[in-house]
Amino acid sequence: MEKLSIIKIGGNIIEDETQLLQFLKLFAAMDNPKILVHGGGKKASEISKKLGIEPKMHKGRRITDETALDVALMVYGGLANKKIVARLQSLGCNALGMSGADGNTIKAHKRPVKEMDYGFAGDVDGINADLITNLLHLGISPIFCALTHDQEGQLLNTNADTIASELAVGLSDDFEVTLYYCFEMNGVLRDVSDKGSVIKKIDSTSYQKLMSDGIISNGMLPKLHNCFHALQHGVNEVRIGNLALFEKGNPNYTTLTL
Ligand SMILES: Nc1ncnc2c1ncn2[C@@H]1O[C@H](COP(=O)(O)OP(=O)(O)O)[C@@H](O)[C@H]1O
Ligand SMILES: CC(=O)N[C@@H](CCC(=O)OP(=O)(O)O)C(=O)O
């Protein structure tokens, strides 16, 4: 089966011009078919504050009211996505910027209101694997931002870790997919203040224990949930780490298995 790499980069890498360029050079040099998914939550909060709009969060998740959605569209779909696409083009990678509305690639619905109303937050229903596969076979690298749509004209803000996981699941019938979560840490750490404390391997059993011991917290909780969702639905391999993920022979990252 043909190999496919899907790489998600986190907010802190996007924020740091040097790290971003270093990452994009590595991405451009990869020769398998590849997809990039980027977040930009930090940038959205920063721009929002500059516009005099205080970002609203609940338990670390953004509440996307109408104004917050406009900011998300501008920052994720515009500022972040187009900068990355232009830089990749300069590096010889034929990148194509996408939201889930483009080519109907990611279908979603507005998250139902339960104990909390997250506003225009999208939960993914499925992806258009045929179109994405065709683009990959044309030598194009789709660059997805954290936006989906409900097919009725409503754009939705969707967690970028989830988008990466759903793309990986949806494409795993056609490709042998490796899913990479690339962020500023070397991997999942036993002690967040010690960059050297990378947990090399996590399986479903140790995952439960790491959660109950409180070692996995904050942003790492949804990230690992997305990793195991991918593994349970046909994705070949999932890795978490920083740029060392892509250095041949460097095992200093976390590999997840069922
Ligand atoms: N065990 C852990 N190992 C590494 N990071 C952790 C851990 N527990 C919590 N974190 C936090 O999770 C954050 C990453 O989550 P998040 O900010 O959502 O990622 P991203 O930048 O990819 O969107 C790290 O910056 C770190 O502060
Ligand atoms: C609904 C939801 O959670 N949307 C995220 C999308 C951006 C994102 O995922 O950015 P990072 O990967 O940089 O955190 C948000 O607005 O923060």
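This text goes with the structure placed above it.
This report concerns the structure included in the present document. (Residues numbered from 1 in each chain as written. Chains lettered and ligands numbered in written order. Predicted model: local features only at pLDDT ≥ 70, side-chain atom pairs only at ≥ 80, totals over all residues. Heavy atoms only, no water.)

**Quick word on helix α5 (residues 129-137)**
Phase 1: All of the buried residues in α5 are A129, I132, T133, L135 and L136. Buried residues of α5 fall within an arc of 160° about the axis and therefore sit on the same side.
Phase 2: Against β1 (3-9), β2 (34-38), β5 (95-98), β7 (122-127), β8 (141-144) and α6 (160-171) lie the buried residues of α5.
Phase 3: Positive backbone phi, approximately 85°, marks G139, located one or two places after α5. (Buried < 20%, exposed > 50% of the residue type's maximum accessible area, 1.4 Å probe, protein only. Helix = DSSP H or I, 4+ residues; strand = E, 2+ residues; numbered from the N terminus. Arc of directions from axis to C-beta. Contact = heavy atoms within 4.5 Å.)

**What about unusual backbone geometry?**
Generally, phi is negative for residues other than glycine and the peptide bonds are trans, each holding for most cases.
Phase 1: The phi angle at Q151 is positive, at roughly 70°, despite the residue not being glycine.
Phase 2: Its place among the elements puts Q151 in the loop between β9 (147-149) and β10 (155-157).
Phase 3: Positive phi, normally seen in glycine, also occurs at N218, with a value near 45°.
Phase 4: Counting through the fold element by element, N218 comes out in the loop between α7 (204-212) and α8 (220-232).
Phase 5: Taking relative accessible area as the criterion, N218 reaches 67% and is therefore assigned exposed.

**What about empty space enclosed by the protein?**
Phase 1: Overall, the coordinates contain one cavity of 30 Å³ or more when judged by the stated rule.
Phase 2: Approximately 110 Å³ is the volume found for the largest cavity.
Phase 3: Together, 15 residues line the largest cavity, and S48, P55, K56, R62 and A68 are the ones closest to its centre.
Phase 4: The greatest single-element share of the lining of the largest cavity, amounting to five residues, is contributed by helix α4 (residues 66-90).
Phase 5: Its residues assigned to classes, the lining of the largest cavity shows eight nonpolar, three polar and four charged. (1 Å grid on protein atoms, 1.4 Å probe; cavity = no way out; pocket = protein on both sides within 12 Å on 5 of 7 lines; lining within 4 Å. Points joined across faces, edges and corners; volume = space filled by probe spheres on them. Nonpolar A, V, L, I, M, F, W, Y, C, P; charged D, E, K, R; others polar.)

**Some points on the site of ligand 1**
Phase 1: Around ligand 1 sit 15 residues, and of these E184, L189, I215, S217 and K223 come closest.
Phase 2: A distance of 2.9 Å separates a nitrogen atom of ligand 1 from a polar backbone atom of I215.
Phase 3: In the environment of ligand 1, a nitrogen atom lies 3.5 Å from a nitrogen or oxygen atom belonging to the backbone of S217.
Phase 4: Isolated, ligand 1 exposes 570 Å² of accessible area, and the fraction of that covered by the protein chains is 80%. (Near = heavy atom within 4 Å. Polar contact = N/O pair within 3.5 Å; in protein donor to acceptor, adjacent residues only side chain to side chain. Areas by Shrake-Rupley, 256 points an atom, 1.4 Å probe, with all protein chains shown as cover.)

Distances and angles like these do not, on their own, reveal function.
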